[in-house]
Structure formats: C-alpha cells, structure tokens
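# A look at the structure
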Amino acid sequence: MGRYVIRRFLYMLVVVLVVSFITFALMHGVPGGPFSREKALPPETIKILNERYHLDDPLWRQYVDYLYNTMIPRFTTTPPTNSLMDDFLISFKVGPAWFRWMNFGPSMHSRSRTVNDVFRANLPVSAQLGVMALSVSLVIGMPLGILAALRQNTAYDYAGMALAIFGVSVPVIVLGPVLVWLFGVYLKWLPPTGWGSKPPYVLGFLPSHLGWDYFRFAVMPSVALGLGSSAIIARLTRASLLQTVREDYIRTARAKGLHERTVITKHALKNSLIPVVTILGPLFAALVTGTFVTELIFGIPGMGKYFVTSITNRDYPIIMGTILLYAVFLVLANLLVDLTYAYLDPRIRYD
Amino acid sequence: MAQTQALQPSPLGGAGGIPLTQKRESLWQDALRRLVRNRAAVMGGVIIVLMIIVTIFADKIALKSFEVQVLPDQNKVPQWLLSVFPSMKPYAVLSEDYPLGADYVGRDLFSRIVYGGRVSLSVAFIGPLISLIVGVIYGSISGYFGGRVDNIMMRIVDVLYAFPSLLFIILMMAFFRSTLTEIPEGTPAYALSQLDHKLGGMFFIFVGIGLTAWETMARLTRGQVLSVREKEFVEAAHTIGAGHLRIMFKHILPNILGPLIVNETLAIPGYISTEAFLSFIGLGVTPPTPSWGAMISDGSAVVRTYPSQAIFPALALAITMFAFNFLGDGLRDAFDPRLRGTQ
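Residues numbered from 1 in each chain as written. Chains lettered and ligands numbered in written order. Predicted model: local features only at pLDDT ≥ 70, side-chain atom pairs only at ≥ 80, totals over all residues.

Before going further, it helps to spend a moment on the overall build of chain A. A count of helices and strands for chain A gives 12 helices and three strands. For chain A, the spread of C-alpha atoms along the three principal axes comes to 85 × 55 × 40 Å. Put simply, chain A has 351 residues, and 38% of those count as buried. (Helix = DSSP H or I, 4+ residues; strand = E, 2+ residues; numbered from the N terminus. Buried ≥ 20, exposed ≤ 12 C-beta atoms within 10 Å, placed from the backbone.)

Time to look at the overall build of chain B. Counting its secondary structure elements, chain B contains 13 helices and two strands. Once local pairs closer than 6 in sequence are excluded, the contacts in chain B between residues at least 24 apart make up 70%. (Contact = placed C-beta atoms within 7 Å.)

Here the focus is the sheet that holds strand S3 (residues 97-101) of chain A. The strands making up a sheet are joined through hydrogen bonds of the backbone, oriented either antiparallel or parallel. Residue and element names in this part refer to chain A. Here we have three strands laid out as an open sheet, ordered S1-S3-S2, and antiparallel in their pairing. Every interior strand has two partners, whereas the edge strands, strand S1 (74-76) and strand S2 (90-94), have only one. With direction set aside, neighbouring strand axes in the sheet form an average angle of 25°. Direction of pairing for S1 relative to S3: antiparallel, over a ladder of three bridges. Directly across from Arg 74, in S3, lies its bridge partner Arg 100. (Pairing = 2+ DSSP bridges. Axes fitted to C-alpha atoms, helices over the stretch in contact; angles between N-to-C directions.)

This brings us to the environment of Asp86(A). Tracing the sequence through the fold places Asp86(A) in the loop between S1 and S2. Placed 18 residues apart in sequence, Asp86(A) and Phe104(A) show a C-alpha to C-alpha distance of 9.5 Å.

Our focus in this paragraph is helix H6 (residues 172-186) of chain A. A rise of 1.5 Å per residue sets the reference length of H6(A), with its 15 residues, at 21 Å; its end C-alpha atoms lie 19 Å apart and thus fit the reference within 8%. Of the positions making up H6(A), those classed as buried are Val172(A), Ile173(A), Val174(A), Leu175(A), Gly176(A), Pro177(A), Val178(A), Leu179(A), Val180(A) and Trp181(A). Looking at the packing, one finds that the buried side of H6(A) touches helix H7 (212-244) and helix H10 (274-298) of chain A together with helix H11 (244-280), helix H12 (292-301) and helix H13 (308-335) of chain B. Trailing H6(A) by a residue or two, Lys188(A) shows a phi angle of about 60°, which is positive. (Expected span 1.5 Å × (residues − 1).)

What follows covers the pairing of S2(A). Residue and element names in this part refer to chain A. For S2, the tally of buried residues reaches only zero of five residues, placing the bulk of the element at the surface. As defined by bridge partners, S2 adjoins S3 across five bridges and the pair is classed as antiparallel. The residue bridging Val 94 from the neighbouring strand is Ala 97, located in S3. Joining the antiparallel neighbours S2 and S3 is a turn of two residues, in which Gly 95 adopts a positive phi near 65°.

Here we come to the packing of H10(A) against helix H12 (residues 316-344) of chain A. Residue and element names in this part refer to chain A. One can describe the packing of H10 onto H12 by two numbers: an axis separation of 9 Å at closest approach and a directional angle of 175°. What the angle tells us is that H10 and H12 run roughly antiparallel. For the pair formed by H10 and H12, the contact residues are Ile 274, Val 277, Thr 278, Leu 280, Gly 281, Phe 284, Ala 285 and Val 288 on the first element and Tyr 326, Leu 330, Ala 333, Asn 334, Val 337, Thr 340, Tyr 341 and Leu 344 on the second. (Parallel < 35°, antiparallel > 145°, perpendicular 65-115°, else oblique.)

This part takes up the confidence of the model for chain B. Do not read the fine detail of predicted coordinates wherever pLDDT is low. All names here are of chain B. Scored by pLDDT, chain B comes out at a mean of 81, with 87% of its residues at no less than 70. In the model of chain B, strand S1 (residues 5-13) stands out as the element of lowest mean pLDDT, 55, in contrast to helix H2 (residues 39-56), which has the highest, 92. Listed scores for the predicted complex are pTM 0.84 and ipTM 0.81. (pLDDT = per-residue confidence, 0-100.)

For the rest of this paragraph, the subject is the interface of chain B and chain A. A common way to state how big an interface is: give the accessible area lost once the parts meet. Chain B puts 39 residues into the contact, and the matching count from chain A is 40 residues. Taken together, the elements giving at least two residues each to the side of chain B that touches chain A come down to helix H6 (147-161), helix H7 (165-176), H11, H12 and H13 of chain B. Ranked by residues supplied to the side of chain B that touches chain A, first place goes to H13(B) with eight residues. Split into classes, the residues belonging to the side of chain B that touches chain A amount to 28 nonpolar, nine polar and two charged. (Nonpolar A, V, L, I, M, F, W, Y, C, P; charged D, E, K, R; others polar.)

The subject of this paragraph is unusual backbone geometry. Most peptide bonds take the trans configuration, and most residues that are not glycine carry a negative phi. Residues and elements named next belong to chain A. Even without being a glycine, Met 102 presents a positive backbone phi close to 70°. Among the structural elements, Met 102 can be located in the loop between S3 and helix H4 (115-150). Met 102 sits in the buried class, given 20 other C-beta atoms within 10 Å. At Lys 188, a residue that is not glycine, the phi angle is positive and equals roughly 60°. Residue position: Lys 188 is located in the loop between H6 and H7. Among the residues examined, Lys 188 registers 9 C-beta atoms within 10 Å and is labelled exposed.

Once that is clear, we can look at the nonpolar core. Of all hydrophobic cores here, the largest spans 151 residues; its most connected members are Val293(A) and Ile281(B). Counting residues per element, this core draws most heavily on H13(B), at 15 residues. Once residues within four sequence positions are removed from consideration, Val293(A) is found in contact with Val172(A), Ile173(A), Gly176(A), Phe277(B), Phe280(B) and Ile281(B). (Core = buried A, V, L, I, M, F, W, Y, C linked by C-beta atoms within 7 Å.)

Residues and elements named next belong to chain B. Summarising the element assignment, Pro 290 is placed in the loop between H11 and H12. The class for Pro 290 is buried, based on 26 C-beta atoms found within 10 Å. Considered as a pair, Pro 290 and Ser 111 are 179 residues apart in the sequence and their alpha carbons are 9.2 Å apart. Leaving out residues up to four positions away in the same chain, Pro 290 has contacts with Phe 66, Arg 112, Tyr 115, Gly 116 and Met 295.

All names here are of chain A. Mapped onto the elements of the fold, Trp 101 is located in strand S3. A sequence separation of 31 residues divides Trp 101 from Thr 70, and the C-alpha atoms of the two residues are 6.9 Å apart. Those residues within four positions of Trp 101 in sequence are excluded, and the remaining contacts are Pro 73, Phe 88, Leu 89 and Ile 90.

Let's shift gears to the packing of H6(A) against H7(A). All names here are of chain A. Contact geometry for H6 and H7: axes closest at 9 Å, N-to-C directions at 150°. Of the two elements, H6 crosses H7, and the hand of that crossing is right-handed. The segment H6 lies against H7, with Val 172, Leu 175, Gly 176, Leu 179, Val 180 and Phe 183 engaging Met 220, Ala 224, Leu 225, Leu 227 and Gly 228. Grouping the amino acids of the contact of H6 with H7 by side-chain chemistry returns nine nonpolar, two polar and no charged. (Left-handed = near helix turned anticlockwise from the far one by under 90°.)

Written as structure tokens, this is what we have:
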C-alpha cells in the first residue's frame, strides 16, 4: 500500500509540474505581451510595466519565481504589507513569524487587484455550485441506479435508465437555456439568473445564511450541472449492483437465511459502489469544467465567467492561476479517489 | 473466428442421403442481426444517416445564406412559431421568409442549424478517426511487445490521463486564437493558423479533441491485445514465420475490433459535446462558421424574448447526441458476448 501511495503522489507532482510548465510556455509563447493593446502604449510605459511585473527577467527565472510563489509555503518574519506583490491566500501568524502560502501575483488587467482578490471574490461561488451539483448527482444518481438494479426489467428500471440516457445525451449547454426559459421565463417559478449569497463567506466559501432565499437561485444551476453526472452514476451503479448480486457470497448470505434487505445493504451495496468511486475522478473534472458554462448561462458571479473574460483580455496571472488551481484541485481529487479505491479494493494495491 | 463459413456440406448425410448443411455465423453477422432488432438503435442510425445526407446537400436544402447579415430582418419569426411560443405575440415581427426565424442579426436560423450540423458531424467522425488511429497503434505496440516497452508506454498514458484535458484544450485554443497580435510570418505557428483559418476554425478543434481522445483507446487496445496475444492462432501465425506487424494488424486487430468500435461510438457524443462547449464559451470554430454551441450561446442572451433562437439549436444538438447514444448502446448490446446465442 505504501509503494502505491508514493507512486500516485509522485504522479501528482509530475502532472502539476507539467501543467504549470505548459501553461507558462503557452502564455509566454504568444507573441505580444499583456500590454499590447490595439492602441499602443508609449514604450517608456511598457518598459516600466515590464520592470514592475518582472516581465523582463529571463523566462526560466520568471517560471521558477512563479512556482516558488504559488507552490511553496514559507515562514517570514516581516509582517504582511499592502503591496500587490505581497498578497498570499493563506497567511496567518504563528508565534513570532508568519506562515504564508499561495501568491498568484497581481492581475495585469486590473491595476488594483491581485489574482488572489479575484479568487477570494469568485471562487467561493464556484465552489458552492460545484458542491451542490455533486450532491445533486449523488442524491439522484445512486438511489436511481440501486432501484433500477433491484427491480430489474420493471417500470422502475426502464424509467431510471430512460432518465440516464436523457442525462447523458443532454449536455449542460442544452439543458441550461431550456431550464432557464421553462422555469424562469415561462412558468416563472424560479429566478432565471443570479446568485443568492454575497461576500463575506464563512470558512472562506460557505454562504452566510442558508434559506430558501439562497437555494432558489441554486436549484436550476445545480440540477443542470448535476443531471449529466447523475445519469452516469445511475448507469454505473445499476450495472455494478447487477453484477454484484450474482456473486457467490450473496448467494451464501441468502442461503444463511438473512433478510433480503440485510443482504443488499450489508453485503452487496458496499462492494458494488467500488466502480462508482473510480468514476469520481473524471466526474470531478466534468463538474469543474461544467461550472464554466453553467455560470455563463445562469449569470452566476463565479470563476467561470471571469476566466473566460480574462482569456480575451490576456490577463496572464489570472489565466495561469486559474488553470493551475483547477489542475491542482483535480489532481488532488484524482489522488484521493485512487487512494480510496485502493483502500476499498485491496487487489489494486499490488498493481 | 472472423471468417464467414458459408453453406458447407457436412460429412454426415441426413435422412435419404441429402447432405446436411451447416451455416455458421460470424461475429459481425451475429452482432448485426441483434443490432437490427434494437429499435432505438435503428432509429438512431436512421437519424444519423438523414443528418449526413442533409449536411452533404446543405446548399440545396438550406437556400438562404448562413453568414450574410440582413439587419432589417433581425429576430423575425414565422407565423407557426407564435402558436408555439405565444409570449412573443406582443412584439414579434412576422416574416414567412425564414422557416425557423432569423437570429439577432438577421441570419436564417434554419440554414445555420444545417451548416452547423456539418461542424458537429465532422467532429463526430474525425474524432474517432484520430482516436482509433493513434490510440490503436499505440496500444497495439504496447500490448504486443509487453515488458519494459509496455511499462514505459503505459506510464506515459497514466500521466497524460491525470491531465485536466479540457482545461488544456481551452488554453491551447486561447493561445492559437489570439486576436490582438499578429503571429510572425515564417513560424510554424503562422502556418498552423492559416490552415486553421482555411478550415473555418476546425483544425485546432480536431487537434484538441485528438490529443485527449486517444488515451482511453490506447488503454483499451492494450488490454484487448494482452488478452488475445496468447491465443493459439497467434502462436500458429508466429510459427509459420509471420512478422510482428503482420500478426498485429492481420491477426490480432480484426479480432479485437468489436469492443473498440463500440467504445468509440459511445465516445462520439462526448466529442460533439466538447466542440459545442468550446464554441459556447467562444473558443471553438471561428465565426462565421456556424456551430450549434455558438448559436445556443447567442440564443441564451435573448432567451427571455426570443426563446426559439436558443431552443432550436439546443434541440438539434440533443437529437444528435441521443441518436449517437442509442446507436452506441445498441452496438454495445449487440457485441456483448454474454448475450450471444440467446436471442
């Protein structure tokens, strides 16, 4: 088990380094910098800006500096300043020193904000949306799949699988506008756009109060985003459970005289959920990228919209920071999923 | 195994000396027979064939241009649309020239959907092509030679698999679509940009999808090759002196093609969805090439006032994905070895 963990962890590091390198290379490989506008700035201004943002350092130096600032935590004895270069996401006092981590640099498009400011304002909303979409997909997908498997070839099975095919075939960009029109414009049951919470956030990302006032904005986006994933989970749960109940140990359990409910919940269910865990990795990735379009469709003030506009504005630090952050999150999620899978299924540890 | 044995006289004669004939079915015939019985799959197949015909003959079917903007005609709707969306009655301007209505700059929605179908269908066919070619070759080499070669190749695939591929595609598209600056003439980047422009913005989408699609196919192929490699007919081919390449492509490959095709067909809705997603956020095909994703994005902006502009391309996308999903599911059930001989 230890070897497996170390190996997956090393993969994670390699992937993060490769992602950061490719992102950096592409961003700086584009001819013209972030200061080339259609109306050209005077060369003295460009020179000062380049110095200020360290854009005239050799490329390798910029890359190493960037990695050092974002990835490596440090202890400093100087107190935090208000400078744009000095904004760390995680920064607190530990005894006489400060522990600081994750400085993504200043935003180049907006002169008074850092990337971390953008993250603090927009990431919580995206995180809330992601968490709710994940819950929706698990809460809808798993019971549906289990029911379909236990009542195979009945109406429950067909209805569940019909919903699954629907969820897989209808992507967010189709379901989103249809939901917005149907429930927002035509029936007027739910607000078509907007979000119910504002900064400051509890623990960094939780909304300050959770009432219908908050959830009514979140229902449609979460369902639109979560339905596709719930369909995949439902299908997989059903197939897996169908296979599990045909195993010999289930037959033994029944032969022992156990109540059918006990057989299913105590023996079959846990083993059939293992394949579902393996799909959680790609599912996270799908949810994260899905938040981009969901936020655009439902007008939610999250990272997705900001990211897309920063691409048009060629705001390097935000683009790099967002991609790096999302990539690290996905890689971490994959690592956790792999470890959980190895924990649940001992056969995989000796791979 | 992959050969068809047509009517063969059996050495055992039947009653009255009439020779008993044996007709054995190949894998493909068996699968085809079961596929045809699956009504949903047949319906999906018919829809796809219809779409291919419509997109090939697009210039005969969609008579209006998909890119010419006729501003005085913006947002016009035909009469039948008002009975479907009665909320538009107070402000809609009627015009019978446009079968599905006009979009916000006066382009015919029907033409755009038809030509947008070209984009989606070409992605649906080129994606699997790249994936099959690259992935199958990679997986075959890895699985066939085994040992260290296999180890290294699969480690590379593992690392690439953990990559957040869609983010990477977005980054790549942003890089190659930089509008604010000019790429200098002699560089390869310039040549690629020109190629992309000629193809209406499709080239980088193909590259992007191809870069992320081959990994699953490589893993699957490798697994299949590993399981087939030890079989007797491979050993027999080896004995009579067949070289590696011949064994790989003439003996092993035809026998593993079934699951590969099924898997690839089931991946097609994902490719279509990726292209629509990219076009939705503005990083897909370059305008004026229409794409259903871009049309949905434009339509979402006016969904309160003219919902038809979002709903029609959304319907087209949904129907296409349904069709490929049904076909893929039908193929998977048809090739399922557990069901062989039971229907």
